[in-house]
Amino acid sequence: MNTLSCLICKAETKFYFSKDFQHSFELNLIDYHKCENCGFVFSKTHYEMSDTEWEKLNFNCHNSYQNQTYNLSDPRWYERLYLQCEVIYKLAKLEILPNSLPWLDWGCGDGKLVDILNNRGLNVQKYDLYMQHNSDYLTNEVLQETKYSLLINTSVFEHIRERHTLDVINSLIAKDGALALHVLVKEDISPDPDWFYLQPPHVSFFTNQSMQILFEQWNYKASIYHVPSRLWFWFREMDKVQMSVIKNLLTEADGFYFKEGFMNYWGVMNK
Ligand SMILES: [Zn+2]
């Protein structure tokens, strides 16, 4: 059996465990592999699907829950959207988030978070590979015309199977910009076929270490993790004024964890 190198750190990967999806979304036995170095876990089966199979799977999965207020596979989703809106609003008002260029939600799905942010008076653009036919979404061409001061990316990384796509997302962020990221991260991924996160369209599973490697590869300088909204903000630049606002106004009691460098929230909480 041929092996794939790790998407994040390029180290060798090894077979880890399998899960039988019993024909859910036409999936059967799925093989998960693990990076020997950073612990990143991925579905080798999904990674090796043809583009046609992959797009069909995504299309079917997306259509099974969009335009509903309740997503069975993630019941806290709607509540979290409002918390995410409020924390972005707060950081915007405190001028911690840069805003000289447009803001974008990359992979926004049906765009609910953007709608909520826009209603709150924040101007955010929508982009989704599968939704470009809608008139209020950016097309691939228009997307590339500028960089973005803030790129929001929620529940997207687990759907990505190509390193190129991760790098394209990062490349859209301005040189003084920030990334607002919602992705499930664990210290270690257990080889448990019953883990709730092994859903039909989820293919990449990030450890704390793999996220730290990405943070460093992409040259981010500071980060905030906001526990209630599960949003992680990565900053390419941060000046002393911003840093003192954060230290004085955003407390751990309110769920804000800040670090000049990589905010290793999961590591901190596991100690
Ligand atoms: Zn790795």
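For the structure, see preceding data.
Remember, it's a predicted structure, so these values are computed and weren't measured experimentally.

Asks: Tell me about the environment of Gly 39, and name the residues and values.
Replies: Checked against the element boundaries, Gly 39 lands in the loop between strand E2 (29–35) and strand E3 (41–43). Classification of Gly 39 by relative accessible area gives buried; the value is 9%. In contact with Gly 39, other than residues within four places in its own chain, are Lys 34, Ile 189 and Thr 207.

Asks: How would you sum up the coordination of the zinc ion? Please name residues and give values.
Replies: Here the zinc ion is held by Cys 6 (SG), Cys 9 (SG), Cys 35 (SG) and Cys 38 (SG), and the distances to it run 2.3 Å. Relative to the metal, the four donor atoms surrounding the zinc ion lie at angles of 97 to 120°, and the coordination shape comes out tetrahedral. Here the donor residues for the zinc ion map to a single chain with the spacing C-x2-C-x25-C-x2-C. Note that Cys 9 is positioned in the segment before strand E1 (13–20) and Cys 35 in strand E2, a separation of 26 residues in sequence.

Asks: Which residues make up the packing of aromatic side chains, and what are the values?
Replies: On inspection of all chains with the given rule, the structure shows 25 aromatic pairs. For the pair Tyr 78 and Tyr 82, a centre-to-centre distance of 5.8 Å together with 75° between the ring planes defines the contact as edge-to-face. Of the two residues, Tyr 78 and Tyr 82 both sit in helix H3 (residues 77–93), four residues apart, roughly one turn of that helix. On the basis of relative accessible area, Tyr 78 is assigned to the partly exposed category, the value being 29%. Residue Tyr 82 is classed as partly exposed on the basis of its relative accessible area of 42%. A centroid spacing of 5.4 Å and a plane angle of 70° characterise the contact between Phe 215 and Phe 262, whose relative ring orientation is edge-to-face. Placement of the pair is Phe 215 in helix H7 (residues 208–217) and Phe 262 in the loop between strand E12 (256–259) and helix H9 (265–270), with a sequence separation of 47 residues. The two residues Phe 215 and Phe 262 agree in class, both being buried.

Asks: Explain the nonpolar core residue by residue, including any values.
Replies: In this structure, Ile 8, Phe 40, Phe 157, Met 211, Trp 232 and Trp 234 are the most contacted members of the largest nonpolar core, which totals 59 residues. When residues of this core are assigned to their parent elements, the largest contribution, four residues, is made by H7. Residues contacting Phe 40, with those up to four places away along its chain left out, are Cys 6, Leu 7, Ile 8, His 33, Lys 34, Cys 35, Tyr 47, Ser 204, Phe 205, Phe 206, Thr 207 and Ser 210. If you look at the next biggest cluster of nonpolar residues, it comprises 35 residues, including Ile 88, Val 114, Met 238 and Phe 256.

Asks: Explain helix H6 (residues 163–171) residue by residue, including any values.
Replies: Restricting attention to buried positions, one finds in H6 the residues Thr 165, Leu 166, Ile 169 and Asn 170. The arc that holds every buried residue of H6, seen down its axis, measures 140°, which confines them to one face. Summarising the contacts, the buried residues of H6 are in contact with strand E4 (103–106), strand E6 (148–154) and strand E7 (173–182).

Asks: Before we move on, can you summarise the side chain of His 33 with the specific residues and values?
Replies: Looking at the element boundaries, His 33 is found in strand E2. We classify His 33 as buried; its relative accessible area is 2%. In this structure the side chain of His 33 is engaged in a polar contact, spanning 3.4 Å, whose partner is the backbone nitrogen of Phe 15. Excluding residues that lie within four positions of it along the chain, His 33 makes contacts with Thr 13, Lys 14, Phe 15, Tyr 16, Phe 40, Val 41, Phe 42 and Lys 44.

Asks: Can you tell me about the sheet that holds E3, naming the residues and giving the values?
Replies: By definition, the strands of a sheet pair up through backbone hydrogen bonds, in either a parallel or an antiparallel sense. Across the sheet, which stays open at both edges, the five strands sit in the order E1-E2-E3-E9-E8 with mixed pairing between neighbours. Each edge of the open sheet is held by one strand with a lone partner, namely E1 and strand E8 (185–186). Pairing of E3 with strand E9 (residues 204–207), which is carried by two bridges, proceeds in the antiparallel orientation. Pairing of Val 41 across the sheet is with Phe 205, part of E9. H7 contacts E8 and E9 of the sheet and is inclined by roughly 85° relative to E9.

Asks: Before we move on, can you summarise the sheet that holds E12 with the specific residues and values?
Replies: Spatially, seven strands are ordered E5-E4-E6-E7-E11-E10-E12 in an open sheet, and the strand pairing comes out mixed. Two strands lie at the open edges of the sheet, namely strand E5 (124–127) and E12, each paired on one side alone. On average, each strand axis in the sheet is tilted by 20° relative to the strand beside it, whichever way the strands run. Relative to E6, E4 runs parallel, the two being bridged by three bridges. Residue pairing for E6: Trp 103 is matched across the bridge by Leu 150. Across the sheet, H3 is in contact with E4, E6, E7, strand E10 (222–226), strand E11 (231–235) and E12; its angle to E11 comes to roughly 30°.

Calculation notes
Residues numbered from 1 in each chain as written. Predicted model: local features only at pLDDT ≥ 70, side-chain atom pairs only at ≥ 80, totals over all residues. Heavy atoms only, no water. Helix = DSSP H or I, 4+ residues; strand = E, 2+ residues; numbered from the N terminus. Buried < 20%, exposed > 50% of the residue type's maximum accessible area, 1.4 Å probe, protein only. Contact = heavy atoms within 4.5 Å. Donors = N, O, S within 2.8 Å, 3.2 Å for Na, K, Ca; no water. Tetrahedral: all angles 85-135°; square planar, octahedral: opposite > 155°, others 65-115°. Phe/Tyr/Trp six-rings, centres within 6.5 Å; stacked < 30°, edge-to-face > 60°. Core = buried A, V, L, I, M, F, W, Y, C linked by side-chain atoms within 4.5 Å. Arc of directions from axis to C-beta. Polar contact = N/O pair within 3.5 Å; in protein donor to acceptor, adjacent residues only side chain to side chain. Pairing = 2+ DSSP bridges. Axes fitted to C-alpha atoms, helices over the stretch in contact; angles between N-to-C directions.

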